[in-house]
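Single-letter residue listing:
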Amino acid sequence: MALIIRSLLDFLVISSISLVVLQQKSNGEDQLLMLQKPQLMKCRFDKIFQLGDSLSDTGNCIRENRCARGLLCGRFPYGMNFFQNTTGRCSNGMLMIDFIALQSGLPLINPYKLQNANFRHGANFAVAGATALSTENLAKEKIVNSVTNSSLSVQLDWMSTHFKSTYPTDRLAKLKKSLFLVGEIGGNEFNYGLFKGKTIKELRSMVPKVVQTIIQGVRTVISFGATRIVVPGNFPIGCIPIFLTQFRTNDSTAYDEYHCLQDLNDLAIFFNDHLKQAIQELKEEHSNIALVYGDYYNAYMWLLQNPMFLGFDKNSLLKACCGIGGDYNYDIHNQCGAIGVPVCIDPSTYISWDGIHLTEKAYSWLARWLIDDMLPKLNCHV
């Protein structure tokens, strides 16, 4: 009897956060996943502004000469399940920002670099490969960003220019109903550092500087007039195929119960804890601002903990869908988008798309988890 009651309770909890979507279809319009009772519509956001990196870039990198040259995300099969076309999104389809926009009852938010785009409902300033730290500050840490110079400060400059031209008067009033997402950003510092041979100890020493750079970015956004802001943390990077491949070891004690590298996850937790503390301190300075931590770490772990219910193949949770070679279907020298690299039969059964970024299905579930977690904290007065 107790088991039956527990099963019923589990079903009710899961049902309360379930996402109803259409199956992927060939028609691009049908591809836009139909969300049942969009939760964020309760907040009545009229605009969304996004800062960040490849987790949220919807087409800025492919419009930067330097960034585009090295970006595999601008090639097929990226975008294969999103109007069957590449858009610069590092996935087979939509990203979390796309689902957040749809859940808000808004159209997809255009990238800032898209000329003559409609920015009536906001703008996306995120750039794949971007860091929180500037190029100059990265150099002091002996880290080089070979992808882009469009760090957080550059994106904030774009945002300032955009606001001055778009809202020359009454800007504060016009941004009052907007949602701002500052990140995820800051993770690439550690990604680049790890591949440059930095030790975990060295990377931990960088955390305060990276966090303070993000918080300064949040202060800038507040000065623009933002009143509802989400600041996401980092994923459990020890569960990502690129790192599982690069730092593979025969030492079984290096892995946790989900077969993720514990040292790398501990680094992500260390960063996230510092970020949460800094957000809390900033909230105390700005009691009138809804400032919310986006818990990417636990959202991702939820995928690993509930794979079968969410429709993922339990034997492929740590493998890339688009990739080739090794235990994790990832080869840094033969990545997704390169000639001859295959794609799995059904991307919707995989969490990882290319060994670095996630599938549209994973992003859809992450967005719903995050919305359920953040909604009570956004002061939407619903």
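Not measured: the values here are computed from a predicted model. Here, residues in each chain are numbered from 1, in the same order as that chain's written sequence. Local features in this predicted model are restricted to residues whose pLDDT is 70 or higher, and side-chain atom pairs enter the listing and the counts only when it is 80 or higher, whereas totals over whole chains, interfaces and linings include all residues. Remark: hydrogens and water are excluded; side-chain values derive from all non-hydrogen atoms of the structure.

## Let's talk about the pattern of salt bridges
Consideration 1: Whenever Lys or Arg places a side-chain nitrogen within 4 Å of a carboxyl oxygen from Asp or Glu, that contact is recorded as a salt bridge. For the coordinates displayed, the defined rule picks out eight salt bridges.
Consideration 2: Among the salt bridges present, the one from Glu 141 reaches Lys 209, with a minimum N-O distance of 2.9 Å. Within this pair, whereas Glu 141 is found in the loop between α5 (135–140) and α6 (152–166), its partner Lys 209 is found in helix α9 (residues 200–224), the two being separated by 68 residues in sequence.
Consideration 3: Note on exposure labels: buried denotes an accessible area under 20% of the residue type's maximum, exposed denotes more than 50%, and partly exposed covers the range between, all computed with a 1.4 Å probe on protein chains only. Residue class for Glu 141 comes out buried when judged on its relative accessible area of 16%. Helix and strand labels come from DSSP, where a helix needs a run of H or I of at least four residues and a strand needs a run of E of at least two; each type is numbered from the N terminus.

## Structural notes on the nonpolar core
Consideration 1: The set of buried Ala, Val, Leu, Ile, Met, Phe, Trp, Tyr and Cys residues whose side-chain atoms join them within 4.5 Å is what this entry labels a nonpolar core. Core analysis: the largest hydrophobic core is formed by 122 residues, its most contacted members being Ile 229 and Leu 378.
Consideration 2: The element that contributes the greatest number of residues to this core is α9, accounting for eleven residues.
Consideration 3: A contact between two residues is defined here by any heavy atoms of the two lying within 4.5 Å. When sequence neighbours within four positions are dropped, the list of residues in contact with Leu 378 reads Leu 40, Cys 43, Phe 45, Leu 179, Arg 228, Val 230, Ala 290 and Val 292.

## Notes on the sheet that holds strand β2 (residues 122–124)
Consideration 1: Here, a strand pair is defined by DSSP locating no fewer than two bridges between the strands. Pairing within the open sheet is parallel, and its five strands lie in the order β2-β1-β3-β4-β5. Lying at the two open borders of the sheet, with one neighbouring strand each, are β2 and β5 (290–294). Strand after strand, the sheet turns through a mean of 20° between neighbouring axes, direction not considered.
Consideration 2: Axis lines are fitted through C-alpha atoms, for helices just across the contact stretch, and the angle between N-to-C directions can take any value from 0 to 180 degrees. Strand contacts of helix α4 (residues 96–103): β1 (47–51), β2 and β3 (178–182), with the helix running at about 165° to β1, the strand carrying the most contacts.
Consideration 3: Across the face of the sheet, helix α11 (residues 262–285) comes into contact with β4 (228–232) and β5 while running at roughly 175° to β5.

## What to know about the state of the cysteines
Consideration 1: The definition used for a disulfide is geometric: two cysteine sulfur atoms within 2.5 Å. The tally for this structure, following the rule as stated, stands at six disulfides.
Consideration 2: Note that Cys 73 is cross-linked by a disulfide to Cys 90, the S-S spacing being 2.1 Å. Between Cys 73 and Cys 90 the sulfur-sulfur dihedral comes to about 110°; the bridge is accordingly right-handed. One end of the pair, Cys 73, is in the loop between α3 (65–69) and α4; the other, Cys 90, is in the loop between α3 and α4, with 17 residues separating them in the sequence. One exposure class covers both Cys 73 and Cys 90, and it is buried.
Consideration 3: Here the bonded cysteines of the protein are numbered in sequence order, and their pairing is 1-12, 2-3, 4-5, 6-7, 8-11, 9-10.

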